[in-house]
Amino acid sequence: MSEQIFGELDAILAEIQSAEISDLDQLEAFRIKYLGSKNILKPLGGQIRNVPNEKKKEFGQLLNKIKQEAAAKYQSLQDGLAQSQSENQAAGIDFSAPTQELRVGTRHPVSLVINRIIEIFTRLGFTIAEDREIEDDWHNFTAMNTPEHHPARDMQDTFYLQDSTTRLLRTHTSSVQSRVMTSQQPPIRIIAPGRVYRNETISARSHCQFHQVEGLYIDKNVSFADMKQTLLYYAKEMYGEDVRIRLRPSYFPFTEPSAEMDVYWGLKTERDHKITKGTGWLEILGCGMVDPNVLSNCGIDPEEYSGFAFGMGIERQAMLQYRIGDIRMLFENDVRFLKQFRSAY
Ligand code: DAH
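As the structure is a prediction and not an experimental result, all values here were calculated from the model. (Residues numbered from 1 in each chain as written. Predicted model: local features only at pLDDT ≥ 70, side-chain atom pairs only at ≥ 80, totals over all residues. Heavy atoms only, no water.)

This part is about the overall build of the protein. Secondary structure assignment for the protein yields 13 helices and nine strands. Here the C-alpha atoms of the protein give a radius of gyration of 38 Å, more than 25% beyond the 20 Å that 2.2 N^0.38 yields for 345 residues. In terms of overall dimensions, the protein has a C-alpha envelope of 120 × 50 × 50 Å along the principal axes. A buried classification covers 41% of the 345 residues belonging to the protein. The long-range share in the protein, meaning contacts at least 24 apart out of those at least 6 apart in sequence, stands at 68%. For the protein, the distance from the average site of its 40 positive side-chain charges to the average site of its 47 negative ones is 7 Å. (Helix = DSSP H or I, 4+ residues; strand = E, 2+ residues; numbered from the N terminus. Rg over C-alpha atoms; globule rule 2.2 N^0.38 Å. Buried < 20%, exposed > 50% of the residue type's maximum accessible area, 1.4 Å probe, protein only. Contact = heavy atoms within 4.5 Å. Lys, Arg positive; Asp, Glu negative; His and termini not counted. Charge placed at Lys NZ, Arg CZ, Asp CG, Glu CD.)

What follows is the structure, encoded as structure tokens:
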């Protein structure tokens, strides 16, 4: 009988010694259990009458030891926890304060469109090429078959760097074509997303900075039909399976023949009439077979290789997809506008 009581006391002592307490609530529970007015040691103390006389002293000592250990542990924990709490308070940290809702950012509509374009073309085996926005005259114009005094230079009003006639802000991502072709040999299959600049008056429809994605595919026996199928695939992925496209003959110095591609937008509403100028078609890109002059300017043999290129405007497509009426919205960074865009891309 007495052995059982001693066993119980030993167990309680071990429990006190190993109790893990990390906050004030746990500490209070500890106090109530071992030191409170109804603590678990009280009923055990009454058991002393069942302990044989020769063991009563030992029993009393053990009981005291347990009480002292519990009190000592309580004291030191209380000091420690009170101190860390006052440190938190001094540091202005209130762990009981309700949290603020975490605001998750959204992607910019221009990034959403670029990411989607990248996703579509990388599926076709295109890789991404990026290059500088401050370009030289040669890569932006001359290499692209637009030498000085060529009338086509007037098509793009250029920002030149101060005190420089050769350094400029690139007017199109076509400059990346010459960068890539002068540094690697075919087969070449790249897209080049990036920002471009033109000295244009800012209005609802045009801006002095915008984004393009350039595409370039050079290999043996690349044909106009390859280009057409690639661009049709792009249009279907971007605008849906039953999209209609058309290629209109056009002129660019760096391609021959050249074309512009339109997608059919529709003529259902007055707004459709307005944005398509009554035709139902919207131009989204320029394209063509890379001019042999461009290939030889960049050190690629036009007898051996041919290729196609295209350049598309991003803001125009973002405005179409998200029905944004004014290009300036895309550069003002008004969060009330930006937070409306959510996507997996
Ligand atoms: N660079 C032209 C522009 O900014 C777009 C363009 C047209 C790019 C035809 C091309 C192309 O690569 O083949 O207006």
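Domain parsing of the protein yields domain 1 (2–89) and domain 2 (109–341). Taking only C-alpha atoms into account, the centre of domain 1 sits 79 Å from that of domain 2. (Domains from an automatic or database assignment.)

With that settled, the discussion passes to the site of the ligand. The environment of the ligand is formed by 16 residues, the closest being H172, S174, R198, Q212 and E214. Q212 places a side-chain nitrogen or oxygen 2.9 Å from an oxygen atom of the ligand. Relative to its unbound accessible surface of 350 Å², the ligand loses 91% to contact with the protein. A majority-of-atoms criterion places the ligand in the largest pocket. Elements with a contribution of two residues or more to the shell around the ligand: α7 (174–181), β5 (209–219), β8 (281–290) and β9 (306–313). (Near = heavy atom within 4 Å. Polar contact = N/O pair within 3.5 Å; in protein donor to acceptor, adjacent residues only side chain to side chain. Areas by Shrake-Rupley, 256 points an atom, 1.4 Å probe, with all protein chains shown as cover. 1 Å grid on protein atoms, 1.4 Å probe; cavity = no way out; pocket = protein on both sides within 12 Å on 5 of 7 lines; lining within 4 Å. Sits in = over half its atoms within 2 Å of the grid points.)

For the rest of this paragraph, the subject is unusual backbone geometry. For the bond running from P186 to P187, omega is 5 degrees, close enough to zero to count as cis. Here P187 lies in the loop between α7 and β4 (188–197). Note the cis peptide between E256 and P257, where omega equals -5 degrees. Note on placement: P257 falls in strand β7 (residues 255–264). Even without being glycine, K277 reaches a positive phi, approximately 50 degrees. Summarising the element assignment, K277 is placed in the loop between α9 (270–275) and β8.

To continue, consider the packing of aromatic side chains. For the coordinates displayed, the defined rule picks out eleven aromatic pairs. Ring geometry for F126 against Y217: centres 6.1 Å apart, planes inclined by 65 degrees, an arrangement best described as edge-to-face. Within this pair, whereas F126 is found in the loop between α5 (109–123) and β1 (127–128), its partner Y217 is found in strand β5, the two being separated by 91 residues in sequence. This pair shows no difference in class: F126 is buried, exactly as Y217 is. Geometry around F6 places K55 over its ring, the cationic atom sitting 5.5 Å from the centre. Above the plane of the ring of Y264 lies R244, whose end atom (NZ or CZ) is 4.7 Å from the centre. (Phe/Tyr/Trp six-rings, centres within 6.5 Å; stacked < 30°, edge-to-face > 60°. Lys NZ or Arg CZ within 6 Å of the ring centre and 35° of its normal.)

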